[in-house]
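Reading the structure
One-letter residues, chain by chain:
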Amino acid sequence: MPRINVTSVLVDDQAKALKFYTDMLGFVPKTDVPLGEYRWLTVVGANEPDGVELLLEPDAHPAAKAFKRALVEDGIPLTSFAVDDVAAVHEDLVARGVTFTQAPTAMGPMVTAVLDDTCGNLIQLTSPA
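Along every chain, residues carry numbers that run from 1 in the direction the sequence is written. Reporting in this predicted model follows two pLDDT cut-offs: at least 70 for local features of residues, and 80 or more for side-chain atom pairs to be given and counted; totals over whole chains, interfaces and linings ignore these cut-offs and use all residues. Values reported for side chains reflect all heavy atoms of the structure, with hydrogen atoms and water molecules removed beforehand.

Observations regarding the overall build of the protein chain
- For the protein chain, the helix and strand inventory stands at 3 helices and 8 strands.
- In this description a helix means any DSSP run of H or I spanning at least four residues, a strand means any run of E spanning at least two, and both kinds are numbered starting from the N terminus. The helix and strand sequence of the protein chain, counted from the amino end, reads β-α-β-β-β-α-β-α-β-β-β.
- For 129 residues, the compact-globule estimate of 2.2 N^0.38 gives 14 Å, and the C-alpha radius of gyration of the protein chain, at 15 Å, lies within 12% of that figure.
- Along the first, second and third principal axes, the C-alpha atoms of the protein chain reach 45 × 35 × 35 Å.
- Under the scheme applied here, a residue whose accessible area is under 20% of the maximum for its type counts as buried, over 50% as exposed, and between as partly exposed, the area being computed with a 1.4 Å probe on protein chains only. Across the 129 residues in the protein chain, those meeting the buried criterion constitute 34%.
- Contact definition: two residues touch when any of their heavy atoms are within 4.5 Å. A fraction of 51% describes how many contacts in the protein chain between residues 6 or more apart in sequence connect residues 24 or more apart.
- Areas reported here follow the Shrake-Rupley algorithm with a probe of radius 1.4 Å; residue values treat only the protein chains shown as occluding. When the accessible surface of the protein chain is totalled, it reaches about 7500 Å², and 57% of it is carbon and sulfur.
- Charge centroids of the protein chain, computed over 9 positive and 18 negative side chains, lie 5 Å from each other. Put simply, the radius of gyration uses C-alpha atoms, and a globule should come to 2.2 Å times the residue count raised to 0.38. Counted charges follow a simple rule, with Lys and Arg positive, Asp and Glu negative, and His plus the chain ends left uncounted. Each charge is placed at NZ for Lys, CZ for Arg, CG for Asp and CD for Glu.

As structure tokens, this is what we get:
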């Protein structure tokens with residue numbers, strides 16, 4: 001059966017995205033292969049070196065930019081990451097200068113918060129309530 005090994009987040013600048021996703025969110029670099037103007041650039045969870053890779057994929061295609069803009073305008077996260085405690089992570093990230101569009105909010109069996117990744121995306125964080 002298929003399994004997820006790579007998923008993407010569309011970014012407007014790969015170098016800026018790598019800095020944000022590693023320095024702010026704590027991911028670690030996994031693969032960095034030059035491909036002309038862009039790179040095959042992935043990160044993984046710090047405690048999951050062989051886990052699912054997150055591809056920091058250029059949003060160079062015009063449809064990607066329009067898609068991202070529409071999601072942000074409607075307040076819809078592009079993707080979601082699990083954390084152990086959304087409130088604690090929110091507090092830590094705010095202290096480091098990360099902008100949130102939604103503070104931690106209880107939603108049934110989970111707590112969610114939404115941040116701006118500085119690369120044109122809203123990202124949801126979730127944890128059990």
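Right, picking up where we left off after that structure.
Digging into the layout of surface pockets
- Think of a 1 Å grid over the protein atoms and nothing else: a 1.4 Å probe that fits but is trapped marks a cavity, an open set flanked by protein within 12 Å on at least five of seven lines marks a pocket, and residues with an atom within 4 Å of a point count as lining. Grid points are joined across faces, edges and corners, and a volume is the space filled by probe spheres set on the points. Its volume calculated, the largest pocket comes out at about 700 Å³.
- Contributing to the lining of the largest pocket are 23 residues, with F27, G45, E48, F81 and A82 lying nearest its centre.
- The set of elements that each furnish at least two residues to the lining of the largest pocket consists of strand 3 (38–44), strand 5 (79–82) and helix 3 (86–95).
- The leading source of residues in the lining of the largest pocket is strand 5, at 4 residues.
- Here the lining of the largest pocket is built from residues that sort into 14 nonpolar, 7 polar and 2 charged. Three categories are distinguished: nonpolar for Ala, Val, Leu, Ile, Met, Phe, Trp, Tyr, Cys and Pro, charged for Asp, Glu, Lys and Arg, and polar for the others, with Gly belonging to the last.

Here we look at the pairing of strand 2 (residues 28–35)
- Only strands that DSSP links by at least two bridges are regarded as paired with each other. Two elements, strand 2 and strand 3, share 7 bridges in a ladder whose sense is antiparallel. Along strand 3, the bridge assignment pairs P34 with R39.

What about the pattern of salt bridges?
- Definition used for salt bridges: Asp or Glu carboxyl oxygen within 4 Å of a side-chain nitrogen of Lys or Arg. A full pass over the atoms with the stated rule returns 7 salt bridges.
- K16 serves as the salt-bridge partner of D12, at 3.3 Å between the closest nitrogen and oxygen.
- On the basis of relative accessibility, which here comes to 41%, the residue D12 falls in the partly exposed class.
- Look at K16 and you get partly exposed, because its relative accessible area is 34%.
- Among the charged side chains, a network of salt bridges with common partners joins D59, K65 and K68.

Notes on the sheet that holds strand 4 (residues 53–58)
- Spatially, 1-4-3-2 is the arrangement adopted by the 4 strands of the open sheet, whose pairing is mixed. The two strands at the open ends of the sheet, each matched to only one other strand, are strand 1 (6–11) and strand 2. The sheet shows a mean angle of 25° between the axes of neighbouring strands, direction not considered.
- The strands touched by helix 1 (residues 14–24) within the sheet are strand 1, strand 2, strand 3 and strand 4, with strand 3 carrying the most contacts at an inclination of about 5°. Orientation is described by axes fitted as lines to C-alpha atoms, over the contacting stretch for helices, and by angles from 0 to 180 degrees between their N-to-C directions.

Bear in mind that shape data such as this cannot, by itself, settle questions of function.
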